[in-house]
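Each chain, letter by letter, is given below.
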Amino acid sequence: MTKYIIKRILLSVVILFFVSLILYFLIRCMPVSYIENKFNEANANGANLTEEDLKRLLAIYGLEDSSFGGIIKGYFGWLGNFLKGDMGTSFKYGNPVNQVISDSMGISFGISFVALILELIIAIPLGIKCATNQYGKFDYTVTVLCMALMAFPSFFLGNIFIKIFAVDLGWFEIGGLNTGSLQGVSFIVKFFDMCWHLVLPILVMVLLDIGPMMRYTRTNTLEVLNADYIRTARAKGLSEGKVVYKHVFRNTLIPLITLLSSTLPMLFGGAMITETVFAIPGIGHTAYEALKVGDIPLAMGYNMFIAILTVIGVLLADIMYAVVDPRVKLGK
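Below is a summary of the structure that appears in this document. Everything numeric in this text was worked out from a predicted model, so none of it was measured.

### Digging into the nonpolar core
Then comes step 1: By size, the foremost hydrophobic cluster in this structure holds 33 residues, and its most contacted members are Y24, L63, W78, I101 and M300.
Then comes step 2: Those elements giving two or more residues to this core turn out to be helix 1 (2–28), helix 2 (34–44), helix 3 (51–60), helix 4 (68–83), helix 5 (97–132), helix 14 (283–292) and helix 15 (296–324).
Then comes step 3: Broken down by element, this core gets its largest block of residues, nine residues, from helix 15.
Then comes step 4: In this structure, W78 is in contact with S20, Y24, M300 and M304, ignoring residues within four places of it in sequence.
Then comes step 5: Ranked by size, the runner-up nonpolar core spans 19 residues in total, among them F172, I202, M205 and F278.

This is the structure:
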């Protein structure tokens, strides 16, 4: 196991190196430049800056050369600082990238964690129930509803919910984390007010993600139900409840671990579109606003943060295979 983990960590380092290189090239090729836009704004306001001033500004951040060689040089300069734990300073927010990510990550984690728990509580039992009632009315009804929800883009469903529940019915605020009129109230009141603001975005995330997890659980459960050892368990006289929830359920979890390996970047990386629709200052929305204006340090920092979480998630999934399924050996 130890040898396997070491090999996977070394492989992960190589993968992250090439991922960071590709990301840097793509981000440097963005059609928008924060520094050039600010330069043009300053001149529009009468600053009278010259092209030489612009070149000096770009040189400060290693962005003066857009040629292939210049980008390679800029990448290794960024990489050297990154390995020291310095991801630079965000152009847009004016704070170190590490601080911007840590400050906005907490709310994203809270929303995603609650949404994930609700998805697991709802989707897995639904998937098992559909599989044990294959082609029945319950199976068809749940499948159709889940497929319909999967077809909705998150921005569309989010805006529909805002229109119905916030604008028309007035039950919720249109966006944000707190009611602006709350002043001088206790922490408990602010906390529950924030929870109320997060009902709609969490509901959107749950409804959109419940379908794939339910279908995945249903498919895996059907495969397990047709296995020889399940027929043997039934032949021994075990009740259907014990067969399903003791034998089938455990083995259904094994393929689900692969799906859950993607939850780590989702938990900490935020839901960019949903956060933007509901104006929630999470890491996803923060990174989106930075990308729009060409904030290279934050764009690189955020994407590398997601890449590292993804690699860790895959590694943890491989290790968890051995925990859930004793037949899996990770010695090579």
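### What to know about a nonpolar patch on the surface
Then comes step 1: A cluster of nonpolar side chains, contributed by F152, F155, F156, I160, I164, L169, W171, W196, V199 and I273, occupies part of the molecular surface with about 910 Å² of accessible area.
Then comes step 2: It is helix 7 (residues 154–168) that provides the largest number of residues to the nonpolar patch, a total of four residues.
Then comes step 3: Following the sequence through the fold, F156 ends up in helix 7.

### Description of the environment of M266
Then comes step 1: Residue position: M266 is located in helix 12 (residues 263–269).
Then comes step 2: Assessed through its relative accessible area of 23%, M266 is described here as partly exposed.
Then comes step 3: Separated by 44 residues in sequence, M266 and T310 have C-alpha atoms that sit 8.9 Å apart.
Then comes step 4: Beyond its immediate sequence surroundings of up to four residues, M266 is in contact with S112, L116 and D209.

### Describing empty space enclosed by the protein
Then comes step 1: Following the criterion strictly, the structure yields one cavity of 30 Å³ or more and no others.
Then comes step 2: Taken as a whole, the largest cavity holds about 40 Å³ of empty space.
Then comes step 3: Taken together, F172, E173, I174, G175, G176, H197, L200, P201, F278 and I280 make up the full set of residues lining the largest cavity.
Then comes step 4: A class-by-class count of the residues in the lining of the largest cavity yields six nonpolar, three polar and one charged.

### Some words on the environment of G136
Then comes step 1: Mapped onto the secondary structure, G136 falls in the loop between helix 5 and helix 6 (137–150).
Then comes step 2: According to the relative accessible area criterion, G136 is partly exposed, its value standing at 22%.

### As for helix 5
Then comes step 1: Along its 36 residues, helix 5 runs 49 Å from first to last C-alpha, staying within 8% of the 52 Å computed at 1.5 Å per residue.
Then comes step 2: The largest bend along helix 5 measures about 40 degrees and falls at M105.

### Looking at the side chain of D295
Then comes step 1: Turning to its location among the elements, D295 is positioned in the loop between helix 14 and helix 15.
Then comes step 2: Summary of buried charges: D295 has no salt-bridge partner, and the nearest side chain of opposite charge, K92, is 7.7 Å away.
Then comes step 3: For D295, the side chain forms a polar contact with the main-chain nitrogen of K92, separated by 3.1 Å.
Then comes step 4: Filtering out sequence-adjacent residues up to four positions away, D295 remains in contact with S90, F91, K92, Y93 and A290.

### Focus: the packing of helix 7 against helix 9 (residues 199–225)
Then comes step 1: Direction vectors running N to C along helix 7 and helix 9 enclose 135 degrees, while the axes themselves pass 10 Å from each other. As judged from the angle between their axes, helix 7 and helix 9 are oblique. Remark: the crossing between helix 7 and helix 9 carries right-handed chirality. Contact residues: S154, L157, G158, F161 and F165 in helix 7; L200, L203, V204, L207 and L208 in helix 9.
Then comes step 2: Considering only residue class, the contact of helix 7 with helix 9 consists of eight nonpolar, two polar and no charged.

### A closer look at the state of the cysteines
Note on terminology: disulfide describes a covalent bond linking the sulfur atoms of two cysteines.
Then comes step 1: Following the criterion strictly, the structure yields zero disulfides and no others.
Then comes step 2: Left unpaired, C146 is separated from the closest cysteine sulfur, that of C130, by 7.1 Å.

Calculation criteria
- Numbering of residues begins from 1 in every chain and follows the order in which that chain's sequence is written.
- Local features in this predicted model are restricted to residues of pLDDT 70 or higher, and side-chain atom pairs are both shown and tallied only at a pLDDT of 80 or more, whereas totals for entire chains, interfaces and linings draw on every residue.
- Excluded from the side-chain calculation are hydrogens and water; included are all heavy atoms of the structure.
- Buried residues of nine kinds, namely Ala, Val, Leu, Ile, Met, Phe, Trp, Tyr and Cys, make up a nonpolar core once their side-chain atoms join them within 4.5 Å.
- Relative accessible area decides the class of each residue, using a 1.4 Å probe on protein chains only: under 20% of the type maximum gives buried, over 50% gives exposed, and in between gives partly exposed.
- In DSSP terms, a helix is any run of H or I states spanning at least four residues, a strand is any run of E spanning at least two, and both are numbered starting from the N terminus.
- Residue contacts are defined here by distance: any two heavy atoms, one from each residue, within 4.5 Å place the two residues in contact.
- Residues enter patches when their relative accessible area tops 30% and they take part in no salt bridge; the joining distance is 9 Å for like charges and 5 Å for the nonpolar side chains Val, Leu, Ile, Met, Phe, Trp and Tyr.
- Residue-level accessible areas treat just the shown protein chains as cover; the underlying method is Shrake-Rupley with a 1.4 Å probe.
- A carboxyl oxygen of Asp or Glu within 4 Å of a side-chain nitrogen of Lys or Arg is what we treat as a salt bridge.
- In this analysis the probe radius is 1.4 Å and the grid spacing 1 Å, with only protein atoms considered; a cavity is a set of points the probe fits into but cannot get out of, a pocket is an open set with protein on both sides within 12 Å along at least five of seven lines, and lining residues have an atom within 4 Å of a point.
- Grid points are joined across faces, edges and corners, and a volume is the space filled by probe spheres set on the points.
- Side-chain classes are defined by residue name, with Ala, Val, Leu, Ile, Met, Phe, Trp, Tyr, Cys and Pro counting as nonpolar, Asp, Glu, Lys and Arg as charged, and the others, Gly among them, as polar.
- An expected span of 1.5 Å times one less than the residue number is assigned to each helix.
- One axis is fitted to the seven residues ending at the residue and one to the seven starting there. The bend at that residue is the angle between these axes.
- For the charge count, each Lys or Arg is scored as positive and each Asp or Glu as negative, with His and the chain ends excluded.
- Whenever a nitrogen or oxygen atom comes within 3.5 Å of another N or O atom, the pair is scored as a polar contact, on the condition that within protein one atom can donate a hydrogen and the other can accept it, and that pairs from neighbouring residues in sequence are kept only if both atoms are in side chains.
- Inter-axis angles, ranging from 0 to 180 degrees, are taken between N-to-C directions of lines fitted to C-alpha atoms, where helices are fitted over the stretch in contact.
- Roughly parallel means an angle under 35 degrees; roughly antiparallel, over 145; roughly perpendicular, 65 to 115; everything else is oblique.
- Crossings are assigned a handedness: left-handed for a near helix turned anticlockwise from the far helix by less than a right angle, right-handed for a clockwise turn.
- Only a pair of cysteine sulfur atoms within 2.5 Å qualifies as a disulfide here.

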